[in-house]
Amino acid sequence: MNKFIFTTDWHIIFKQPGSRIDDIVNKQFEKVDYFVELCNKESPDFIIHGGDLFDGPRNADPTVLNKIIKILRKLKAPMYYIPGSHDLYGYNLNSYKQSYIGTLEASNCIYILNEKGIYQFAKDLYVGILPCQLTNKLEDYIMFKDCDIIVSHNMITDVSVPYNHILISDLA
């Protein structure tokens, strides 16, 4: 049996919002460091991050980026990363290399999965990956019907809502 850890939407920022009374920048480092310690303690085969590690494509001060790189390099398991809406310029998947997640990939901290498709993570574990999309079209998900897990940076819900979504019942 395979063991993995899933996380998403950290939205790391580098500037202290006026409304926060805590030191959010340092709290973020503590949380990421805790996550890395937890992952190393649990010894998963791999980690999947569902996107939006930063709150914008290049919104972090280089000191923040360098500290995140230093923390993530302590991971013992590989982290696979699915780009989210905050990772990209104009929802363009090809723009990730110009963003900070591209820098994390170049630093060997994460492995980016920016192509829609089915990935075999282990002998009997198939994961459907759908990075950030402008729209949620059912036909984008049909190919994942037989996957063990679907990771999508889009809304999948059990009830109809007034914005882009896919119903779970359509995937069953």
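All of these numbers come straight from a predicted model, not from anything done at the bench.

J.: Help me understand helix 2 (residues 62-72), please; the structure alone is not making it clear to me.
T.: Side chains three or four residues apart in an α-helix point the same way, a direct result of the helix having 3.6 residues per turn. Within the sequence span of helix 2, burial applies to V64, L65, I68, I69, I71 and L72. Buried residues of helix 2 fall within an arc of 165 degrees about the axis and therefore sit on the same side. Set apart from the buried face of helix 2 by more than 90 degrees, the exposed residues are P62, T63 and K70. Looking at the buried positions of helix 2, the neighbouring elements they touch are helix 1 (24-42), strand 3 (79-81) and helix 3 (100-106).

J.: Where do I start with the side chain of Q28 in this structure?
T.: Here Q28 shows up in helix 1. Given a relative accessible area of 8%, Q28 falls into the buried group. In terms of polar contacts, Q28 uses its side chain to reach the backbone carbonyl oxygen of I13, at 2.7 Å. Residue contacts for Q28: discarding those within four places in its chain leaves H11, I12 and I13.

J.: Help me out: how do you make sense of the confidence of the model for the chain in this one?
T.: Atomic detail in the predicted coordinates should be set aside for any region of low pLDDT. The share of residues in the chain with pLDDT of 70 or more is 95%, and the mean pLDDT across the chain is 88. Taken element by element, the predicted model of the chain shows its lowest mean pLDDT in helix 4 (residues 138-141) (72) and its highest in strand 3 (97).

J.: Please clarify how the nonpolar core should be interpreted in this entry.
T.: Membership of the largest hydrophobic core comes to 34 residues, with the highest contact counts inside it found for L53, I68, L72 and L104. Elements supplying a minimum of two residues to this core: helix 1, helix 2, strand 3 and helix 3. Counting ten residues, the second-largest nonpolar core is a separate cluster that includes F46, I48, F121 and I129.

Parameters and conventions
Residues numbered from 1 in each chain as written. Predicted model: local features only at pLDDT ≥ 70, side-chain atom pairs only at ≥ 80, totals over all residues. Heavy atoms only, no water. Buried < 20%, exposed > 50% of the residue type's maximum accessible area, 1.4 Å probe, protein only. Helix = DSSP H or I, 4+ residues; strand = E, 2+ residues; numbered from the N terminus. Arc of directions from axis to C-beta. Contact = heavy atoms within 4.5 Å. Polar contact = N/O pair within 3.5 Å; in protein donor to acceptor, adjacent residues only side chain to side chain. pLDDT = per-residue confidence, 0-100. Core = buried A, V, L, I, M, F, W, Y, C linked by side-chain atoms within 4.5 Å.

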